[in-house]
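Chain by chain, the residues run as shown.
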Amino acid sequence: MTTNRGQFGSRLGFIFAAAGSAVGLGNIWGFPTQAASNGGAAFLLVYLILAFALAYPVLMAELILGRYTHGNSVAALSGIARGPVTKVIGTSTGLLGILVASMILSFYGIVAGWMLGYTVAYPLGVLGANDAANWLTGFTIPRNLILMGIFMLMTIAIIMGGVKEGIERWSSRLMPTLIITLIALAAYVLTLEGAMTGLRVYLIPDFSKIFSSQLILSALGSAFFSLSLGVGTMLVYGSYISDKEHLPSIGAQVALIDVGIAVLAGFLILPVMYVAAERGVEIFSASGALLSEDTLILTVLPELFATMGTVGIALATAFFFLMTIAALTSSISILEVPVAFIVERFQWSRKQAALVAGGLIASLSAVIILDFERLFGAVIALSTRYGQPLLGLLLCVFVGWVWQRNTLLAELQKNDPEVANGLFWRIWPVYVRFVCPVIIAVIFYRSLV
Ligand code: TRP
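Residues numbered from 1 in each chain as written. Predicted model: local features only at pLDDT ≥ 70, side-chain atom pairs only at ≥ 80, totals over all residues. Heavy atoms only, no water.

(A) Spotlight on the overall build of the chain. A count of helices and strands for the chain gives 18 helices and 0 strands. A compact globule built from 449 residues should have a C-alpha radius of gyration of about 22 Å, and the chain, at 21 Å, falls within 12% of that. Principal-axis analysis of the C-alpha atoms places the extent of the chain at approximately 65 × 50 × 40 Å. Looking at the chain residue by residue over its 449 residues, the buried ones come to 56%. Here the analysis covers contacts within the chain between residues at least 6 apart in sequence; of these, 83% occur between residues at least 24 apart. Put simply, the chain shows about 17600 Å² of open surface, and 67% of that area lies on carbon and sulfur atoms. (Helix = DSSP H or I, 4+ residues; strand = E, 2+ residues; numbered from the N terminus. Rg over C-alpha atoms; globule rule 2.2 N^0.38 Å. Buried < 20%, exposed > 50% of the residue type's maximum accessible area, 1.4 Å probe, protein only. Contact = heavy atoms within 4.5 Å. Areas by Shrake-Rupley, 256 points an atom, 1.4 Å probe, with all protein chains shown as cover.)

(B) View of unusual backbone geometry. One non-glycine residue, serine 228, lies in positive phi territory at about 60°. If you trace the backbone, serine 228 turns up in the loop between helix 10 (213-226) and helix 11 (233-238).

(C) Main features of the packing of helix 17 (residues 405-413) against helix 18 (residues 423-448). Following both chains from N to C, one finds helix 17 and helix 18 inclined at 140°, their axes separated by 12 Å at the closest point. Of the possible angle classes, the one that applies to helix 17 and helix 18 is oblique. Judged by the sense of rotation from one axis to the other, the crossing of helix 17 with helix 18 is right-handed. Along the contact surface, helix 17 presents Arg405, Leu408, Leu409 and Leu412, while helix 18 presents Phe424, Trp425, Trp428 and Pro429. (Axes fitted to C-alpha atoms, helices over the stretch in contact; angles between N-to-C directions. Parallel < 35°, antiparallel > 145°, perpendicular 65-115°, else oblique. Left-handed = near helix turned anticlockwise from the far one by under 90°.)

(D) Quick look at the site of the ligand. As a matter of local geometry, the ligand sits amid 17 residues, with Ala22, Tyr108, Phe225, Ser226 and Gln388 nearest to it. A distance of 3.1 Å separates an oxygen atom of the ligand from a polar atom in the backbone of glycine 26. Secondary structure elements with two or more residues in the shell around the ligand: helix 1 (11-22), helix 2 (25-37), helix 5 (84-126), helix 10 and helix 14 (309-346). Of the residues contributing to the shell around the ligand, the split by class is 7 nonpolar, 10 polar and no charged. (Near = heavy atom within 4 Å. Polar contact = N/O pair within 3.5 Å; in protein donor to acceptor, adjacent residues only side chain to side chain. Nonpolar A, V, L, I, M, F, W, Y, C, P; charged D, E, K, R; others polar.)

(E) Quick peek at a nonpolar patch on the surface. A contiguous nonpolar surface patch, about 470 Å² in accessible area, is contributed by Phe346, Trp348, Leu355, Val356 and Leu360. Here the nonpolar patch takes 3 residues from helix 15 (residues 350-370), the largest share from any one element. Overall, the relative accessible area of 46% leaves leucine 355 in the partly exposed class. (Patch = residues over 30% accessible without salt bridge, like charges linked within 9 Å, V, L, I, M, F, W, Y side chains within 5 Å. Salt bridge = Lys/Arg side-chain N within 4 Å of Asp/Glu carboxyl O.)

(F) Representation of the pattern of salt bridges in the model. One pass over the full model with this rule turns up 10 salt bridges. Residues glutamate 411 and arginine 67 are paired through a salt bridge, measuring 2.6 Å at the closest nitrogen-oxygen approach. On the criterion of sequence distance, the pair formed by glutamate 411 in helix 17 and arginine 67 in helix 3 (residues 41-69) is long-range, its members being 344 residues apart. The class for arginine 67 is buried, based on a relative accessible area of 0%.

(G) Seen up close, the nonpolar core. Residues Phe14, Met115, Ile297, Phe319 and Trp428 are the most contacted members of the largest nonpolar core, which totals 161 residues. Here the element with the most residues in this core is helix 14; it accounts for 18 residues. (Core = buried A, V, L, I, M, F, W, Y, C linked by side-chain atoms within 4.5 Å.)

Laid out in structure tokens, this is it:
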């Protein structure tokens, strides 16, 4: 079964793919405003600590487990079980991960479709096709369905190509494009009037705000979403890493890129918001908080771009293109979770598996679109607020308690015989066994009450 599995062709290819998964809509539309509203640089510091102290160990658990079993998430979790009971729990955890991954992709695909629509709408407007442009940006059921469908087809097409020819090739093309676009946009926006105010709001530390436990918990939740943890995405990507690679440093690079891009996005988003404020666009909600997420991206930014003439159209196109790329390299990593399972468990061809899994998830998206008010928020909450932490917890318990320590150590020793004496092995196992499960359990509990 493991003989004809795909494998990433190079270390850099894996890093692009995994960072591509991690860097997504979450980094750009959530993180910067969350930071600015909650203590600026002080929040960045807390986020950085949480990302490395808590999210990174879980990322490593997924990568190591994936690479050890070289199998899909269900095979991996049941493969390290020690008896019939843990085997059933492992299999169920893997399957639950696939379900939650599908739910995440079902709402992610809708939002990504909007990004795609805006990317095309601006140039169409210039060409005089105003009706088409308005249709693409207006919130209607047909438009939501069609854009979601197109985005899902793009995701399916890449996954059909396989690990090296699909995931790795496209991530290696899209990630550099994303970084260059982001830097270029930020550099331009920083020259505009009002930008420096935004930068100040983003960066001046206010330590009084960061000691709220609520805030730390929500920051941790964002870190989990941002690093694509829990559902098996990183586990499956890890299963395609060559045995030659040194996992702890590869994982650290992925985490650094993810946090780095979130921080970099702040250098674009906050200045952009205050440039908009300078031009009379409302950037605060009724309660006085900075507008964020969909209102920020779909209302504040278009209003700003509209004040800027031709430059605004170029900026808008570049910005929504950036968002679309960020979403695409993430969505492929989510679809790969069910696809890897179907291919390996039922011996289907990859193309068939991608079409069927992608088709089913798109149908779920369609149901959400048809009953948007009721389902959209509910699916997001169910999958990210409850599903992900629960799965993260089960994963830590499995890797920390069920998996035999000697096999775990042997896996790490494959390319680093000295690992047993290193810092990673001294700290990480304790984290996965005790610290991570306890903290995740606390978050989970808090989200219930
Ligand atoms: N990390 C991505 C983002 O920040 C989204 C994502 C990709 C994801 N794969 C995932 C989230 C798996 C949760 C689980 O937008």
